[in-house]
Amino acid sequence: MAASTFARLPGFRDFPPEDLALRSHVFDAWRRVSRRYGFVEYDGPPLETLELYTEKSGDEIVQQLYTFTDKGDRQVALRPEMTPSLARILGDRSRGMSKPIRWFSVPQLFRYERQQRGRLREHFQWNVDIVGEDGIAADAEVLAVAIDGLRELGLGPDAFRARVSDRRLVAAAFVAEGVAPERVPAALAVVDKLEREPRGKSVEGLVREAGMTDGAAASVLDLFTEPGALKQRLGDHEAVAPGLERLEAYVGMLDAMGLGDFVEVDLRIVRGLAYYTGIVFELFDRKHDLRAICGGGRYDRLLELVGGEPLAAVGFGMGDVVLGELLAEEGKLPEYSKSLDYFIVTVSEDQRREALRIAHALREKGKSVAYALREQGLTKQLKAAGREGAREVLIVGPDELAKGCVVAKEMASGREREVALADLT
Ligand code: HAM
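Residues numbered from 1 in each chain as written. Predicted model: local features only at pLDDT ≥ 70, side-chain atom pairs only at ≥ 80, totals over all residues. Heavy atoms only, no water.

**Student:** Could you clarify how one ought to interpret the overall build of the chain in this entry?
**Tutor:** Looking only at helices and strands, the chain features 17 helices and 17 strands. At 28 Å, the chain has a C-alpha radius of gyration far larger than the 22 Å of a compact globule built from 425 residues. Viewed in the frame of its principal axes, the chain has a C-alpha envelope of about 95 × 55 × 50 Å. Put simply, the chain has 425 residues, and 48% of those count as buried. Of the roughly 21100 Å² of accessible surface on the chain, 48% is carried by carbon and sulfur atoms. On the chain, the mean spot of the 59 positive side-chain charges and the mean spot of the 69 negative ones are 4 Å from each other. (Helix = DSSP H or I, 4+ residues; strand = E, 2+ residues; numbered from the N terminus. Rg over C-alpha atoms; globule rule 2.2 N^0.38 Å. Buried < 20%, exposed > 50% of the residue type's maximum accessible area, 1.4 Å probe, protein only. Areas by Shrake-Rupley, 256 points an atom, 1.4 Å probe, with all protein chains shown as cover. Lys, Arg positive; Asp, Glu negative; His and termini not counted. Charge placed at Lys NZ, Arg CZ, Asp CG, Glu CD.)

Quick look at the structure:
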């Protein structure tokens with residue numbers, strides 16, 4: 001059968017050991033940092049009802065769903081993100097729980113995306129969320145977790161930045177500039193695309209979607225693209241001022257944690273997902289060559305929308321795909337090597353029974369042990385020991401066994417010594 005008969009689906013990955021080692025390296029860092037901040041891990045099912053997403057996630061994600069009708073005639077979808085599942089799970093049980101709830105998860109997610117750099121059809125995403133706290137200390141806490149997740153992997157302020165904004169603030173600015181409140185979501189969608197589209201197209205978008213004149217549209221865009229412009233023009237506006245203060249206080253908290261170098265205010269960040277209600281952020285590589293590494297923010301209405309307690313919530317998702325690209329670019333990929341405590345070498349097949357006994361006794365003690373699974377010459381066995389990354393080779397021969405010992409050879413130094421079997425096992 002030709003090798004390509006069962007080709008991997010486009011956008012999906014295999015994880016041979018050297019790739020899985022990177023994945024584990026990243027997951028371990030994510031889990032360590034989550035626990036350092038007092039978060040506990042949860043998970044949910046990879047398949048959910050279609051409705052969970054059609055109602056809450058916004059058009060972009062809904063168009064990318066892997067969806068089908070199951071044998072019980074249910075409309076189902078592979079989870080494209082974790083946040084609706086989190087809201088559903090907590091909807092059932094949050095009433096009895098003390099707040100704030102600090103939960104994290106590392107689910108595999110599925111989106112039928114157009115293939116491009118940094119975008120696959122499955123990815124793993126670190127989700128960290130605080131539920132039941134509406135103050136900005138919670139917003140600052142989750143962004144600090146995201147930043148520390150990348151720092152834990154060896155990335156510094158020269159490698160990435162968090163760009164922060166506040167969706168309510170941007171919405172208030174549009175209203176202050178004369179946009180009708182019901183047209184604000186469409187105006188935010190234009191802002192979301194600002195970086196990816198020529199400015200003229202954004203102006204046209206605001207004219208069409210938000211009912212602004214050409215001049216007003218161009219001038220409102222300056223508020224979001226020019227640093228300090230919003231404060232200068234609308235700093236005293238009663239609907240805008242509180243948002244500006246909130247954003248400053250939030251950045252101040254991250255600064256107090258010593259993370260100020262990683263944070264910059266950028267009002268073009270409004271996030272594509274429909275459920276965000278307040279402060280939002282995205283993490284990008286410094287060169288801005290790659291897609292976003294991480295995105296998140298406050299979503300105070302979602303739990304109520306899926307039928308739970310009305311609870312404030314804030315969190316983020318960080319994907320493993322773009323992060324892997326950044327780690328490679330920054331030379332921070334872990335070195336992959338096999339390792340083994342012992343490789344047992346027999347001088348002849350006559351010692352196999354004793355070798356098996358020794359191997360098993362060592363494994364019982366928690367050591368990692370391997371040996372040739374068929375008769376092989378000494379040189380071949382020693383080569384195999386090297387390939388497997390053995391720290392020590394135990395040579396089991398008739399003369400040593402007669403004395404109740406084996407020869408232990410340290411692979412790095414080549415040093416050999418006799419070890420009594422009783423001491424070894
Ligand atoms: P999101 O912005 O859709 O947010 O995804 C977060 C991150 O997941 C992105 O920045 C990106 O690194 C990664 N990601 C998303 N889609 C793909 C893909 N097709 N291929 C590779 N990586 C991808 C959310 O999903 C929100 N639910 C996050 C959140 C949690 N907000 C609050 N809590």
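Now, onward.
**Student:** Could you clarify how one ought to interpret the pairing of strand E17 (residues 416–420) in this entry?
**Tutor:** Two faces, one strand: in a regular strand the side chains alternate between the faces of the sheet. Pairing between strand E16 (residues 405–410) and E17: five bridges, direction antiparallel. Considered in E17, the bridge of Cys405 is made with Ala420. In sequence, E16 turns back onto E17 through a hairpin of five residues, with Gly414 there showing a positive phi of about 80 degrees. (Pairing = 2+ DSSP bridges.)

**Student:** Can you walk me through a positive patch on the surface in this structure?
**Tutor:** A cluster of basic side chains, namely Arg374, Lys380, Lys383 and Arg387, defines a positive patch on the protein surface. Mapped onto the fold, Lys380 is located in helix H15 (residues 378–387). On the basis of relative accessibility, which here comes to 57%, the residue Lys380 falls in the exposed class. (Patch = residues over 30% accessible without salt bridge, like charges linked within 9 Å, V, L, I, M, F, W, Y side chains within 5 Å. Salt bridge = Lys/Arg side-chain N within 4 Å of Asp/Glu carboxyl O.)

**Student:** Just to check I follow, could you spell out the pattern of salt bridges for this structure?
**Tutor:** Between side chains of opposite charge, pairing is possible as soon as their charged atoms come close. Under the definition given, this model contains 38 salt bridges. A salt bridge links Glu329 to Arg117, with the shortest nitrogen-to-oxygen separation between them at 3.3 Å. Of this pair, Glu329 sits in helix H13 (residues 320–329) while Arg117 sits in the loop between strand E6 (108–110) and strand E7 (122–131), and the two are 212 residues apart along the sequence. Glu329 sits in the partly exposed class, given a relative accessible area of 34%. Of the charged contacts, one joins Arg233 and Glu177 as a salt bridge, the two residues approaching to 2.9 Å between their closest N and O atoms. Here Glu177 lies in the loop between helix H6 (167–176) and helix H7 (184–192) and Arg233 lies in helix H10 (residues 229–234), a separation of 56 residues in the sequence. Relative accessible area serves as the criterion here: at 24%, Glu177 is assigned to the partly exposed category. One continuous salt-bridge network, built from bridges that share partners, spans Arg117, Lys287, Glu325 and Glu329.

Just geometry here; none of it tells us what the structure is for.
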